[in-house]
Amino acid sequence: MTTPPRKPATHPHTKSAVDPAMAERFRTARGWLHTAHFLTSAPQLEHLPQLDLPEIAFVGRSNAGKSTAINTLTQQTRLAFASKTPGRTQHINLFGVGKQKVDDAVLADLPGYGYAAVPREAKLRWQRVMGNYLMTRENLRGIVLMCDPRHGLTELDEILLEVIRPRVEQGLKFLVLLTKADKLTRSEGAKVLSIVRLQAGGGEVKLFSALKQQGVDEAAELLWRWTHPEDEEPKETP
């Protein structure tokens, strides 16, 4: 009795065949992110440890799905916490990432911004902290901006893009994740993707859904490449 040939892997969202080499890249990148663990938390930039590992910052408005995206990418349920009161969390949280308990990168979870109920003084203080971090953090390798595609990039998002533009021009990596993409029709998703790509000014833009796992593999693989530029392809660690 002959064994039937194995079917090629399919992507969980598109159901189309995935190149075996790319499927391996996805698997390795997801496994790498799954090692994420808490390092430290700080209310001010000067309280953060100086690290020589590449750092990726996650930013976005309150309620943009940032904590959910981080937890989905790392396949953990409570790594990043979403406050029951949006805008309440005002600390930078760092997470180490690396296989075999040796960190080779850091994820930075920055507080959500733009929530109306936060006092003006707190907003101004956090704007200064975020601005200083984004402009001066030496080991910052890339930024992931979370955006609810039903609302598009807001004025505060565009201000953030202007703040980081000089560093992006110098090589800082930049990705806009359009979270909650499952709430859009296919045509709506294509339209907002086109619009935000124009607004992003050179950064990458991807549709993302934690519920349907849309864009998760691609985002994970991109973060791997950002932090491992010396590796043409991620290799499985025995």
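For the structure itself, consult the block above.
As the structure is a prediction and not an experimental result, all values here were calculated from the model.

Caption draft 1: How the structure looks around the packing of helix H1 (residues 20–33) against helix H6 (residues 216–227). Contact geometry for H1 and H6: axes closest at 8 Å, N-to-C directions at 75 degrees. Judged on the interaxial angle alone, H6 and H1 are roughly perpendicular. Contact residues: H1 offers Arg25, Phe26, Ala29, Arg30, Trp32 and Leu33, while H6 offers Val216, Asp217, Glu218, Ala220, Glu221, Leu223, Trp224, Arg225 and Thr227.

Caption draft 2: Summary view of the packing of aromatic side chains. Following the criterion strictly, the structure yields 2 aromatic pairs and no others. Ring centres of Trp32 and Trp224 lie 5.4 Å apart, and the angle between their planes is 85 degrees; on these two criteria the pair is classed as edge-to-face. Here the residue Trp32 occupies a position in helix H1, and Trp224 occupies one in helix H6, the gap between them amounting to 192 residues. This pair shows no difference in class: Trp32 is buried, exactly as Trp224 is. Taken together, a centroid distance of 6.2 Å and an interplanar angle of 65 degrees make the contact between Phe38 and Phe95 edge-to-face.

Caption draft 3: Summary view of H1. In this model H1 runs 20 Å from its N-terminal to its C-terminal C-alpha over 14 residues, within 8% of the 20 Å that 1.5 Å per residue would give. Taken together, the buried positions of H1 are occupied by Arg25, Phe26, Thr28, Ala29, Arg30, Trp32 and Leu33. Those residues of H1 that are buried lie in contact with helix H2 (66–74), strand S3 (92–97), strand S4 (105–109) and H6. For H1, the N-terminal capping position is held by Asp19, with its side-chain oxygen 3.1 Å away from the main-chain nitrogen of Ala21.

Reading the values: rules and limits
- Residues numbered from 1 in each chain as written.
- Predicted model: local features only at pLDDT ≥ 70, side-chain atom pairs only at ≥ 80, totals over all residues.
- Heavy atoms only, no water.
- Axes fitted to C-alpha atoms, helices over the stretch in contact; angles between N-to-C directions.
- Helix = DSSP H or I, 4+ residues; strand = E, 2+ residues; numbered from the N terminus.
- Parallel < 35°, antiparallel > 145°, perpendicular 65-115°, else oblique.
- Contact = heavy atoms within 4.5 Å.
- Phe/Tyr/Trp six-rings, centres within 6.5 Å; stacked < 30°, edge-to-face > 60°.
- Buried < 20%, exposed > 50% of the residue type's maximum accessible area, 1.4 Å probe, protein only.
- Expected span 1.5 Å × (residues − 1).
- Polar contact = N/O pair within 3.5 Å; in protein donor to acceptor, adjacent residues only side chain to side chain.

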